[in-house]
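Overview (structure and organization)
Listed below are the residues making up each chain.
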Amino acid sequence: MLLAAISKPTIDWAGVSPLLALLGGSIVVLLAGLLRGRFIREQLVPFLTIVAFGATIGLGIWQWDEAKDLFVAKGSQGALRLDDLTLMITFIVCATGIGAVLLSWRALAPREAAHGEYFALMLTSAAGMVILAAAQNLVSVFLGLELLSVPLYVLCATEMRRERSLESGLKYLIIGSVGSATFLYGLAFIYGGTGGTDFRDVADAISGGAAHDSLLLTGIALTLVGLAFKASIAPFHQWTPDVYEGAPTPVTAWMAVATKAAAFGAALRIFDVALIDAHADWAPMIAALAAITIIVGNVGALSQSSLKRLLAWSSVAQAGYLLAGLVGASKLGVQATVFYLSVYLFMNLAAFAVIVAREREAPYGDDIRSVAGIGVSRPLLAWPMTLAMLSLAGMPATAGFIGKFTLIDAAADAGYTWLGIVIVIGSMISLAYYLKVVAAMWMRPASAASEITTADGSPRLAGADPVTERADWEVTLVAVLAGAAIVVFGVIPSPLLNLAGDAGRALGLL
């Protein structure tokens, strides 16, 4: 009798195919990594990872303009939603993944952690990001968050012979677990206040009179805090500089872009769909967090000499800018957020690719001295880094300028013009540290030293490791392509804006 009452969910296999490509790819990559042979481990495994990411993008293009629920059980809305917002986040995640694989191709971390495990963890984490962005049920949201997070904890510690990498993984595990627990607690309160787990049921309960229920309001606050941990929003950002600096640089690049894209994709669906009728309660809170995050991130970056820590604080500030698109709960806000996440991909990949290259070429690691004078000696690296810094600062003729302009427009359209002014002030402050990097590349002579002390106290000799004494072609390729995209979408932003607009329409907002 009980078995007869249980009905299996209806699965749209075409809609779920991008997710299956990531999960299937992770299994194939993991098994391929068990095969003997250096060529298989060091060449075939990363190539198969890129194929998995590429197949996911291809299947996503095939499903573009579709809007349907996935895994639909009787009487439920469906655990996941395939629409243009889900697909845009999927494209951002997979493009970042391809860049991170190229940066990892000859890196130390895959060799120490085993290539199959390293790249399988990356694909599994990407699957979690897609689930998080597509989830329209409180349970599936949490499952996506955990599938995203657990592989990242391990990836941060994959340079197992370097103390700072192990410290990074442990810090991220502890603080990330606190964030996940807070997020789960918030979801539980939302369920307690509305009596539903599907976003549609939550929205119906709020419109039916539960908008001012204390359980619901507490749940909204705790859910926002949990997402703030993942997106590096102040004052829940404390883990970011240490984890970014200690993790292997390709993992930092992956985490900086893809995690933020997934977190904001989930936030857009939670706040602009499930909690849309409680907008008057949560919008001022998000606006205040945005202003605090912009100021804290930009001020924190001013004194940094480590490029990875500088970009970590920059990431905090960028999260504040992105919150401006969430405040309005409008199509314009979604479009601005998705567009900025897309160009944020190119800005960060260009910057981190240059850091990877200089870590292999120079004895200074990620210190700003490593890029001194490369405007003359390594112009193919200097130009992408210059474009990345100018774009992150929001200078005209770069994609970052268009992105910030759309975010300011969205904030003003929602009645938060003062937040747009804060974005402008934050961008002005950021010039002090972004231009410091540009000046080091073009105006300072190259630093000369035969030996320095690394962050863990051990001496590091220039050219001592034959694997890391040159920048490989794939790293330079990532830097050059990302730098070119910054210029292209800064001059001709309409194709990307149109795609982001489709993502905005997917949520059914006015």
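Residues numbered from 1 in each chain as written. Predicted model: local features only at pLDDT ≥ 70, side-chain atom pairs only at ≥ 80, totals over all residues. Heavy atoms only, no water.

Helix and strand counts for the protein chain stand at 21 helices and 4 strands. Against the globule reference of 24 Å for 510 residues, the protein chain gives a C-alpha radius of gyration of 22 Å, in line with a compact fold. With the C-alpha coordinates aligned to their principal axes, the bounding extent of the protein chain is approximately 75 × 55 × 40 Å. A separation threshold of at least 6 residues defines the contact pool for the protein chain, and within that pool the share at least 24 residues apart is 79%. For the protein chain, the computed accessible surface area is about 18600 Å², with 68% contributed by carbon and sulfur atoms. The average position of the 30 basic charges and that of the 35 acidic charges among the side chains of the protein chain differ by 7 Å. (Helix = DSSP H or I, 4+ residues; strand = E, 2+ residues; numbered from the N terminus. Rg over C-alpha atoms; globule rule 2.2 N^0.38 Å. Contact = heavy atoms within 4.5 Å. Areas by Shrake-Rupley, 256 points an atom, 1.4 Å probe, with all protein chains shown as cover. Lys, Arg positive; Asp, Glu negative; His and termini not counted. Charge placed at Lys NZ, Arg CZ, Asp CG, Glu CD.)

On to the nonpolar core. Formed by 170 residues in total, the largest nonpolar core has its most connected members in Trp254, Phe271, Leu275, Met389 and Leu419. Counting residues per element, this core draws most heavily on helix H15 (residues 331-361), which supplies 20 residues. (Core = buried A, V, L, I, M, F, W, Y, C linked by side-chain atoms within 4.5 Å. Buried < 20%, exposed > 50% of the residue type's maximum accessible area, 1.4 Å probe, protein only.)

Looking now at the environment of Leu123. Mapped onto the elements, Leu123 comes out in helix H6 (residues 115-134). Sequence separation between Leu123 and Phe352 is 229 residues; the distance between their C-alpha atoms is 20 Å. For Leu123, the contacting residues outside a window of four places in its chain are Leu22, Gly25, Ser26, Val29, Thr49, Ala52 and Phe53.

Attention now moves to the packing of helix H18 (residues 399-413) against helix H19 (residues 417-443). Running from N to C, H18 and H19 point in directions that differ by 155 degrees, and their axes come no closer than 7 Å. In terms of orientation, H18 and H19 fall into the roughly antiparallel class. Crossing angle aside, the handedness with which H18 passes H19 is right-handed. When H18 is examined against H19, the residues Lys404, Leu407, Ile408, Ala411 and Ala412 are found in contact with a partner set consisting of Thr417, Leu419, Gly420, Ile423, Val424 and Ser427. (Axes fitted to C-alpha atoms, helices over the stretch in contact; angles between N-to-C directions. Parallel < 35°, antiparallel > 145°, perpendicular 65-115°, else oblique. Left-handed = near helix turned anticlockwise from the far one by under 90°.)

Throughout the structure, instances matching the rule amount to 3 cavities of 30 Å³ or more. Estimated volume of the largest cavity: approximately 90 Å³. Together, 13 residues line the largest cavity, and Gly15, Leu19, Leu70, Thr86 and Val130 are the ones closest to its centre. Looking at the lining of the largest cavity, the elements that each hand over two or more residues are helix H2 (13-32), strand E2 (80-82), helix H4 (84-104) and H6. Broken down by element, the residue count for the lining of the largest cavity peaks at 4 residues, all from H2. Considering only residue class, the lining of the largest cavity consists of 9 nonpolar, 3 polar and 1 charged. (1 Å grid on protein atoms, 1.4 Å probe; cavity = no way out; pocket = protein on both sides within 12 Å on 5 of 7 lines; lining within 4 Å. Points joined across faces, edges and corners; volume = space filled by probe spheres on them. Nonpolar A, V, L, I, M, F, W, Y, C, P; charged D, E, K, R; others polar.)

Further remarks concern a nonpolar patch on the surface. A surface patch of nonpolar side chains, about 400 Å² in accessible area, is lined by Ile295, Val299, Leu302, Ile421 and Ile425. Mapped onto the elements of the fold, Val299 is located in helix H13 (residues 279-301). (Patch = residues over 30% accessible without salt bridge, like charges linked within 9 Å, V, L, I, M, F, W, Y side chains within 5 Å. Salt bridge = Lys/Arg side-chain N within 4 Å of Asp/Glu carboxyl O.)

Moving on, we come to the environment of Leu496. Structurally, the position occupied by Leu496 is in helix H21 (residues 494-506). According to the relative accessible area criterion, Leu496 is buried, its value standing at 9%. Measuring from C-alpha to C-alpha, the distance between Leu496 and Phe339 comes to 6.7 Å, with 157 residues separating the pair along the chain. For Leu496, the contacting residues outside a window of four places in its chain are Met88, Phe339, Ser342, Val343 and Phe489.

Glancing now at the packing of aromatic side chains. The tally for this structure, following the rule as stated, stands at 14 aromatic pairs. Ring geometry for Tyr153 versus Tyr172: centroids 5.1 Å apart, planes at 90 degrees, classification edge-to-face. Of the two residues, Tyr153 is situated in helix H7 (residues 138-156) and Tyr172 in helix H8 (residues 163-194); the sequence distance between them amounts to 19 residues. What makes Tyr153 buried here is its relative accessible area of 8%. For Tyr172, a relative accessible area of 1% translates into the label buried. Taking the centre distance of 6.3 Å and the plane angle of 65 degrees together, the rings of Trp239 and Tyr244 count as edge-to-face. Relative accessible area serves as the criterion here: at 2%, Tyr244 is assigned to the buried category. An aromatic cluster is defined as three or more aromatic residues linked by ring pairs; in this entry it consists of Tyr153, Tyr172, Trp239 and Tyr244. (Phe/Tyr/Trp six-rings, centres within 6.5 Å; stacked < 30°, edge-to-face > 60°.)

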